[in-house]
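Examining the three-dimensional arrangement
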Amino acid sequence: MGIELPLADVPPGAMERIEIDGQAVMVTNVDGDIYAVSDTCTHAQISLSSGSLHGRQVMCPWHGAMFDLKTGRPTCGPAVDPLRCYRVRIENETIHIETGAD
């Protein structure tokens, strides 16, 4: 099971918020690499898609916690818990996001 969206909907540098099984998920494009992680900061419960990208990391807009988009692990506090990561594959200009976590 999973969800699909057009690759064109997530251009380089974009952070798109979608919903999967009732959960907010951020899909982002970092130089052509697509990542899908929980959109909610594990520290302050704030939407990360309103934050900023720093290479392969996303920064929470409230307290500056940063997370690695590949692993979900925090790279800068105050967050200590990782984000949920989703498996992503690209086929025929379509992003396929699996609902199972990595």
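Treat the numbers as computed from the prediction; the structure is a model and nothing was measured.

Bringing the sheet that holds strand E8 (residues 74-76) into the picture now. Working definition: the strands of a sheet are paired by backbone hydrogen bonds and lie parallel or antiparallel to each other. Pairing within the open sheet is antiparallel, and its four strands lie in the order E5-E6-E7-E8. Both outer strands of the open sheet, strand E5 (52-54) and E8, are each paired with one neighbouring strand and no more. Neighbouring strand axes in the sheet, compared pairwise and without regard to direction, differ in orientation by 35 degrees on average. Pairing of E5 with strand E6 (residues 57-59) involves three bridges; the strand directions are antiparallel. By the bridge assignment for E6, His-54 is matched with Gln-57.

The buried fraction of strand E4 (residues 33-38) amounts to five of the six residues, a majority that puts the element mostly inside the structure. Bridging between strand E3 (residues 23-30) and E4 involves six bridges; their strand directions are antiparallel. Across the sheet, residue Thr-28 finds its bridge partner in E4, namely Tyr-35. The sheet contact formed by E4 and strand E9 (residues 85-91) spans two bridges and is antiparallel. Note that in E9 the partner of Ala-36 across the bridge is Tyr-86.

As a rule of thumb, soluble globular proteins bury nonpolar side chains together. Counting 17 residues, the largest nonpolar core has Met-26, Leu-48, Val-58, Phe-67 and Leu-69 as the members making the most contacts within it. Elements with a contribution of two residues or more to this core: E3 and E4. Dropping the residues within four chain positions of it, Met-26 is found in contact with Met-15, Glu-16, Tyr-35, Ala-36, Val-37, Ser-38, Asp-39, Leu-48, Ser-49, Val-58 and Leu-69. Val-10, Ala-14, Val-27 and Ile-97 belong to the second-largest nonpolar core, a separate cluster that totals 13 residues.

What follows is about unusual backbone geometry. Here the residue pair Gly-77 and Pro-78 is connected by a cis peptide bond, since its omega of 20 degrees sits within 30 degrees of zero. Here Pro-78 shows up in the loop between E8 and E9. The phi torsion at Asp-21 lies on the positive side, around 50 degrees, for a residue other than glycine. Residue placement: Asp-21 occurs in the loop between strand E2 (15-20) and E3. The backbone of Asp-31 sits at a positive phi, close to 55 degrees, despite the residue not being glycine. Looking at Asp-31, the relative accessible area reads 73%, which means it is exposed.

So, how was this worked out
Residues numbered from 1 in each chain as written. Predicted model: local features only at pLDDT ≥ 70, side-chain atom pairs only at ≥ 80, totals over all residues. Heavy atoms only, no water. Pairing = 2+ DSSP bridges. Helix = DSSP H or I, 4+ residues; strand = E, 2+ residues; numbered from the N terminus. Axes fitted to C-alpha atoms, helices over the stretch in contact; angles between N-to-C directions. Buried < 20%, exposed > 50% of the residue type's maximum accessible area, 1.4 Å probe, protein only. Core = buried A, V, L, I, M, F, W, Y, C linked by side-chain atoms within 4.5 Å. Contact = heavy atoms within 4.5 Å.

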